[in-house]
Structure formats: structure tokens, C-alpha cells
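Okay, here's what each chain looks like letter by letter:
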Amino acid sequence: MKTIVYIAIAVSLRFAGCNSKPSLQKFFVENSEKKNFIALDVSSNILNVATDQLTAEQKEAVDAFDKVNIIAFKADGTNQKEYQLEKDKLNGILKNEIYQQLIKVGSGSEGASISFVGTEDKIDEFIVYANKKENGFAVIRVTGDAMNPNHIMTMLSVRQKSNINLDQLKPLQGLMQ
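Analysis parameters
Residues numbered from 1 in each chain as written. Predicted model: local features only at pLDDT ≥ 70, side-chain atom pairs only at ≥ 80, totals over all residues. Heavy atoms only, no water. Patch = residues over 30% accessible without salt bridge, like charges linked within 9 Å, V, L, I, M, F, W, Y side chains within 5 Å. Areas by Shrake-Rupley, 256 points an atom, 1.4 Å probe, with all protein chains shown as cover. Salt bridge = Lys/Arg side-chain N within 4 Å of Asp/Glu carboxyl O. Helix = DSSP H or I, 4+ residues; strand = E, 2+ residues; numbered from the N terminus. Expected span 1.5 Å × (residues − 1). Buried < 20%, exposed > 50% of the residue type's maximum accessible area, 1.4 Å probe, protein only. Arc of directions from axis to C-beta. Contact = heavy atoms within 4.5 Å. Core = buried A, V, L, I, M, F, W, Y, C linked by side-chain atoms within 4.5 Å. Axes fitted to C-alpha atoms, helices over the stretch in contact; angles between N-to-C directions. Parallel < 35°, antiparallel > 145°, perpendicular 65-115°, else oblique. Nonpolar A, V, L, I, M, F, W, Y, C, P; charged D, E, K, R; others polar. Phe/Tyr/Trp six-rings, centres within 6.5 Å; stacked < 30°, edge-to-face > 60°.

Taken together, the side chains of L102, I103, V105, I114, V128 and I140 define a hydrophobic patch exposed on the protein surface, amounting to about 450 Å² of accessible area. The element contributing the most residues to the nonpolar patch is strand β3 (residues 100-106), with three residues. In this structure, L102 sits in strand β3.

The following block contains the structure:
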């Protein structure tokens, strides 16, 4: 009986220790209610497309996507120190080895990157990160179930058939103009 208690305590401490590491999910949760942040959760139904009009490949791609989380920091002349602090936190999180960078463009004051979590054949999430000192930064986190790069390309063709509900994205309007 003592052995079971010790194992339970050890497992609990192990999980508690894992939760102390910074993560993108924690960044979203901790900042979603802060003054200079805009946070959105967008469901996969934003595409507003009739599934009976999709090919089997397109339906598979749509089914692989779960949701999109967006968080953005609106920078202005009065909050540059906070912008830099939050941007540095985010850059530190994205340097974690679980985020595999596909592409990066730009410099420190302006740029963008695309990363993913998982393996090339079984992607759990795509992360698109863009920043511009004058405007702020935005992180788009696309989560799904066993996504792959072909699903992304297929989703582009689905987007053309869709009637995207832009009302879900209105809070972001004007952020990155």
C-alpha cells in the first residue's frame, strides 16, 4: 500500500513539474484577458462550406482540423516596453524543441515564422507567428488530429469553395494593417 502511495506522489510531482514550463497554451491562457491583447478561438466551421460539395481528400483535410486559436498584441507608442517583454516571452517559448520551425522571414523588429508540433506525417498543431514593431504581434495556432502538409494545401482549395464567416475575425480588424 505504501508503494502505491509513493508512486502516486511521484507521478503527481512529475506532472506538477511539467506544468511549470512555459508553453504556447499557457501564453494564450495567461494573456487572453490582458488589456493590450486580443484573443479569439475560431472553430473549424468558419469555412462555412457544404461538405457534400467536397472531394474525399478535401473532406479528410477539413476533418483533420479542430480549431484555430489567435492571440494578438496591439502595440502603440505607449506600450513598447510591454510589447518587447511579451514578444521576448513568446520567442523563448517558440525556441522550445517541440516547435519545429519550417520557415522564418524578416528580422527582429519585423518578421514571421511557421512552425509545427508533431511529426511531418502526424502534425498536432501549426503555429504562424508574425510581428511588426509598429503594430504588434499575432500568433495563429491551428490544432487538429493527425494533420499533414497536404492537408494545408488541400485546405487552400477548400477555402476557395467556402463562404468564410469574417464576423468571427472582426476583433483583429486593423491590427496588422
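Turning our eyes to something else, we now look at helix α4 (residues 80-94). An ideal rise of 1.5 Å per residue puts 21 Å on 15 residues; α4 measures up with 21 Å between its terminal C-alpha atoms. Among all positions in α4, only Y83, E86, K87, L90, I93 and L94 are buried. What you see down the axis of α4 is that its buried residues fit within an arc of 120°, all on one side. Considering only its buried residues, α4 is in contact with α2 (24-31), β1 (37-43), β2 (65-74), β5 (122-132) and β6 (136-147).

Of all hydrophobic cores here, the largest spans 17 residues; its most connected members are L24, L90, F137 and V139. Elements supplying a minimum of two residues to this core: α2, β2, α4, β5 and β6. Element by element, the count of residues in this core is highest for α4, at four residues. With sequence-adjacent residues up to four places away left out, L24 is seen in contact with L90, I93, L94, Y99, E125, I127, V139 and R141. Formed by 14 residues, the second largest nonpolar core is a distinct cluster that contains V62, A64, F126 and V142.

Moving on, we come to helix α3 (residues 56-64). Turning to α3, its buried residues number three or more, namely Q58, A61, V62 and A64. Down the axis of α3, the sector holding all buried residues measures 160°, keeping them to one side. Exposed and facing more than 90 degrees away from the buried side of α3 are A56 and D63. As for α3, its buried residues are in contact with β2, β6 and α5 (149-161).

Moving on to the packing of α2 against α4. To characterise two packed helices, one gives the angle between the axes of the helices and the distance between these axes. Direction vectors running N to C along α2 and α4 enclose 155°, while the axes themselves pass 9 Å from each other. What the angle tells us is that α2 and α4 run roughly antiparallel. Together, L24, F27 and N31 of α2 and E86, K89, L90, I93 and L94 of α4 make up the contact between the two elements. Taken together, the residues of the contact of α2 with α4 sort by class into five nonpolar, one polar and two charged.

For A146, which is not glycine, the phi torsion reads 55° and is therefore positive. By secondary structure assignment, the location of A146 is in strand β6.

For the coordinates displayed, the defined rule picks out eight aromatic pairs. Ring plane angle 45° and centroid distance 6.4 Å describe the contact between F27 and F137, whose orientation is recorded as tilted. Note that F27 is positioned in helix α2 and F137 in strand β6, a separation of 110 residues in sequence. Both residues of the pair, F27 and F137, count as buried. With centroids separated by 5.1 Å and ring planes inclined at 80°, the aromatic side chains of F37 and F73 adopt a geometry described as edge-to-face. Residue F37 is found in strand β1, and its partner F73 is found in strand β2; the two are separated by 36 residues along the sequence. No difference in accessibility class separates F37 from F73, as the two residues are buried.

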